Structure formats: structure tokens, C-alpha cells
Amino acid sequence: MNVIIVDDEPLAQEVIETYVSQIPELTLVGKASNAVEANTLLQEQSVDLMFLDVQMPMLNGIDFLKSLDNPPLVILSTAFSEFAVDAFALNAVDYLMKPVALDRFMKAVNKAVAAKAGSAIIDSHSEEVERDYIFVKAEKKLIKVEFSEVVFIEGLKDYVIIRNDETRVITLQTMKSLEAKLPSSIFRRVHRSYIVNLLKVEAVEGNSLEVTVKGQKKLIAIGKNYRESLLAHINSMKL
């Protein structure tokens, strides 16, 4: 993987460069001390992974990443933890706290390598038609479920209830197994017992999401373990 280091601190650059040199899968193709220099590198080099500092002069790392139309994989680094939500919202591979330890650095790189491999698999199937439905077994037959019609999915022990605008389908499987079959761009786990279609969410009210089923308003609880990532995702979609 071709990598670049973007950091205005020479010592921080040196630490990351030393770590990169110890990992055979990584090849350093450039270093930059600000967003302008980094943008030039991205134009001139084929870059798979960017180690990006958050706090830099002129344009910080978060805003620079937002400005890129087609960014490479990114591992953010900073001395301040409050940027973690921004990192998640921008789909950063990982978020490293300074000073960066080698073991933590290697863990982040392993994530990037895995993400790169996953992207290659997706690209190899890019000509396949993306489905907008699945079939589930219910009532002794296979029933077609259109993604666009699903409002939310509720887990009940070994069963899940798929709630549409007008009907519901009860199928024998776990939430985890069904979640794996759904497109993550549309469906999101918001509670251990609920998956929602984000296109059907009308409002966020406190610790709940508001949807409409059969003309009636329903509030779906947001689980404590899902709240931060869900709100970060929602905030990234705001105008």
C-alpha cells in the first residue's frame, strides 16, 4: 500500500515514518506538513492510505478530508479525543491518539489492509446488479421483502419481525444474521432489538427515533451502545 504522512509536527512525522518503514506492506511515497502540500501529493501520487493529523495550520485535517471527492483510506491522529466522532462520521479507518504507540499503530494498519482487501472484492463485482430485496422464510414459504417498504425490524429471541408500511413478516432467524444481509447504507442497528430503515426515520426525539407505521407515529428506542455512532452518522448527513 502506498502511503503519505500529513502532519505539521516534524517529530510526529518522524515517528510515523519510522513505524511505516518497519511494515513491509507499506511504502512511503510522500510527506506533507499542511493540507495544500497533501492535496498536491494526492494529485501526483497513487495513494492507498493517508496518515492525517487533525490539527494543522490553514486547514485542519477534518475539513481537508471533507473537501476530498475521492479520498484514500485515512487514519487520523491527534492529541485530543473530542474529534473521535468526526473521525467515525468521515469513515476514517481508525483514530490514533498521540503519542502513537507501535502496537496501536500496527492495529490501525491491519484495519486499513483489511479495508483495502474488502474494497478490491467489491470492485471485482462492480458489474453485478445490486439487489433491492431479499427473500425470507415465513409461513412455510419464501416471501420477498422489498428494502424500500421496510420501516423497521424487531428482534424477539430467535425470531425477527419485519414491519412494512401495511404488513409484517415473522421469520425464524437472528437479528445478527438478518443484519448481515441488509445494505448498511439504508439499514442501521439502533438497539439490540431494533434495526431501522434510515429513509423512514422522520425525526430524532431525545433517545428515540420517530417513524410512521400504518399511519401511526412510533418511537423506537436508541440503545446506549449504538447512540454515539448513530448520531455521528446522522450528523454527517445534515445540510
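For the structure itself, look to the data block above.
Residues numbered from 1 in each chain as written. Predicted model: local features only at pLDDT ≥ 70, side-chain atom pairs only at ≥ 80, totals over all residues. Heavy atoms only, no water.

Overview of the nonpolar core
Reasoning step 1: Ile 4, Val 6, Leu 42, Met 50, Leu 52, Phe 64 and Leu 76 are the most contacted members of the largest nonpolar core, which has 20 residues in total.
Reasoning step 2: At the level of secondary structure, the elements contributing two or more residues to this core comprise β1 (2-6), α2 (35-44), β3 (49-53), α3 (61-67) and β4 (73-78).
Reasoning step 3: If one sorts the elements of this core by residue count, α2 sits on top with four residues.
Reasoning step 4: When residues no more than four places from it in sequence are discounted, the contact partners of Leu 52 are Val 6, Gly 61, Phe 64, Leu 65, Val 74, Ile 75, Leu 76 and Ser 77.
Reasoning step 5: Formed by 18 residues, the second largest nonpolar core is a distinct cluster that contains Val 3, Val 20, Val 93 and Leu 96. (Core = buried A, V, L, I, M, F, W, Y, C linked by side-chain atoms within 4.5 Å. Buried < 20%, exposed > 50% of the residue type's maximum accessible area, 1.4 Å probe, protein only. Helix = DSSP H or I, 4+ residues; strand = E, 2+ residues; numbered from the N terminus. Contact = heavy atoms within 4.5 Å.)

Describing the side chain of Glu 210
Reasoning step 1: On the secondary structure map, Glu 210 appears in strand β14 (residues 208-213).
Reasoning step 2: Dropping the residues within four chain positions of it, Glu 210 is found in contact with Lys 200, Val 201, Glu 202, Ala 203, Glu 205, Lys 217, Lys 218 and Leu 219.

Here's the deal with the sheet that holds β14
Reasoning step 1: Overall, antiparallel pairing links the three strands, which are arranged β13-β14-β15 in an open sheet. In this open sheet, the two edge strands, each paired with only one partner strand, are β13 (203-205) and β15 (216-221). The mean angle between the axes of side-by-side strands here comes to 40°, regardless of whether they run parallel or antiparallel.
Reasoning step 2: For β13 and β14, the ladder comprises three bridges, and the chain directions are antiparallel. Considered in β14, the bridge of Val 204 is made with Leu 209. (Pairing = 2+ DSSP bridges. Axes fitted to C-alpha atoms, helices over the stretch in contact; angles between N-to-C directions.)

Quick look at the environment of Phe 187
Reasoning step 1: Summarising the element assignment, Phe 187 is placed in strand β11 (residues 187-191).
Reasoning step 2: Taking C-alpha positions, Phe 187 is 8.6 Å from Phe 152, a pair spaced 35 residues apart along the chain.
Reasoning step 3: Those residues in contact with Phe 187 that sit more than four places away from it in its chain are Phe 147, Val 150, Leu 182, Ile 195, Val 196 and Asn 197.

A few points about a nonpolar patch on the surface
Reasoning step 1: Among the surface-exposed residues, Leu 156, Tyr 159, Ile 170 and Leu 172 lie close enough to one another that they form a single nonpolar patch of about 410 Å² accessible area.
Reasoning step 2: Its place among the elements puts Leu 172 in strand β10 (residues 168-172).
Reasoning step 3: Residue Leu 172 is classed as exposed on the basis of its relative accessible area of 57%. (Patch = residues over 30% accessible without salt bridge, like charges linked within 9 Å, V, L, I, M, F, W, Y side chains within 5 Å. Areas by Shrake-Rupley, 256 points an atom, 1.4 Å probe, with all protein chains shown as cover. Salt bridge = Lys/Arg side-chain N within 4 Å of Asp/Glu carboxyl O.)

Notes on the sheet that holds strand β8 (residues 150-156)
Reasoning step 1: Ordered in space as β10-β9-β8-β12-β11, the five strands form an open sheet in which the pairing is antiparallel. Whereas interior strands pair on both sides, the edge strands pair on one side only; in this sheet they are β10 and β11. Geometrically, the sheet is characterised by an average inter-axis angle of 20° between neighbouring strands, direction not taken into account.

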